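Given next are the chains, with one letter for each unit.
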Amino acid sequence: QVLLVESGGGLVQPGGSLRLSCAASGSIFSIYGVGWYRQAPGDQREPVAHITRDAIINYADSVKGRFTISRDSAKDTVYLQMNSLKPEDTAVYYCNAAPPYCSENGCPVGWGQGTQVTVSS
């Protein structure tokens, strides 16, 4: 069973930066691509950024120009560099397979515990 472990979250002031990491216990990213998702209290989980298995990158409009997704294939690790953070970025961030493999109908891998990002002064 593949496990996903997210890390790197924390409390940061508006305008600050964080770098999230996601490590997978198996080579799922080469099969399904990889995506970052987030869920704020009371909201549904939403996609943030993803890299398809063909290395096509997409971002949600709300994070374009501020977030950068990258992947280290040798380490089965994906990163999310988040700059110019805003209070509305506050959420628990998760990684999983990229769309369409991961959707509201389910994902090929179980969700990890996520990492909390809080943007507040």
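Described in the following lines is the structure provided in the data block. (Residues numbered from 1 in each chain as written. Predicted model: local features only at pLDDT ≥ 70, side-chain atom pairs only at ≥ 80, totals over all residues. Heavy atoms only, no water.)

A short note on the pairing of strand 4 (residues 34-39)
Here is step 1 of the chain: Taken across its six residues, strand 4 has five buried, putting it largely inside the fold.
Here is step 2 of the chain: Across five bridges, the pairing between strand 4 and strand 5 (residues 46-51) is antiparallel. For Arg 38, the partnering residue across the bridge sits in strand 5 and is Glu 46.
Here is step 3 of the chain: In this antiparallel pair of consecutive strands, strand 4 and strand 5, the connection spans six residues, and Gly 42 shows a positive phi of 80 degrees.
Here is step 4 of the chain: Pairing of strand 4 with strand 9 (residues 91-96), which is carried by five bridges, proceeds in the antiparallel orientation. Residue pairing across strands places Tyr 37 opposite Tyr 94, the latter belonging to strand 9. (Buried < 20%, exposed > 50% of the residue type's maximum accessible area, 1.4 Å probe, protein only. Helix = DSSP H or I, 4+ residues; strand = E, 2+ residues; numbered from the N terminus. Pairing = 2+ DSSP bridges.)

What about the sheet that holds strand 2 (residues 10-12)?
In a beta sheet, neighbouring strands are held together by backbone hydrogen bonds and run either parallel or antiparallel to one another.
Here is step 1 of the chain: Across the sheet, which stays open at both edges, the six strands sit in the order 2-10-9-4-5-6 with mixed pairing between neighbours. Each having just a single partner strand, strand 2 and strand 6 (57-59) make up the two edges of the open sheet. Taking the axes of each pair of neighbouring strands and ignoring which way they run, one obtains an average angle of 25 degrees across the sheet.
Here is step 2 of the chain: Two elements, strand 2 and strand 10 (residues 115-119), share three bridges in a ladder whose sense is parallel. If you follow Leu 11 over to strand 10, its bridge partner there is Thr 118. (Axes fitted to C-alpha atoms, helices over the stretch in contact; angles between N-to-C directions.)

Focus: the packing of aromatic side chains
Here is step 1 of the chain: Counted according to the given criterion, the structure contains three aromatic pairs.
Here is step 2 of the chain: A ring pair is formed by Tyr 32 and Tyr 101, whose centres lie 5.2 Å apart and whose planes are at 65 degrees; its orientation type is edge-to-face. With Tyr 32 in helix 1 (residues 29-32) and Tyr 101 in the loop between strand 9 and strand 10, this pair connects stretches of sequence that are 69 residues apart.
Here is step 3 of the chain: Owing to a relative accessible area of 25%, Tyr 32 belongs among the partly exposed residues under this scheme.
Here is step 4 of the chain: For Tyr 101, a relative accessible area of 34% corresponds to the partly exposed category.
Here is step 5 of the chain: A centroid spacing of 5.3 Å and a plane angle of 90 degrees characterise the contact between Tyr 37 and Trp 111, whose relative ring orientation is edge-to-face. A residue pair is termed long-range when its members are at least 10 positions apart, and Tyr 37 in strand 4 and Trp 111 in the loop between strand 9 and strand 10 qualify at 74 residues.
Here is step 6 of the chain: Using a relative accessible area of 6% as the deciding quantity, one classes Tyr 37 as buried.
Here is step 7 of the chain: Three or more aromatic residues link up through ring pairs in this structure, and these residues are Tyr 37, Tyr 94 and Trp 111.
Here is step 8 of the chain: Note that Arg 19 overlies the ring of Tyr 79, its terminal NZ or CZ placed 3.9 Å from the centroid.
Here is step 9 of the chain: Directly above the aromatic system of Trp 111 lies the positively charged group of Arg 45, at a separation of 3.7 Å from the ring centroid. (Phe/Tyr/Trp six-rings, centres within 6.5 Å; stacked < 30°, edge-to-face > 60°. Lys NZ or Arg CZ within 6 Å of the ring centre and 35° of its normal.)

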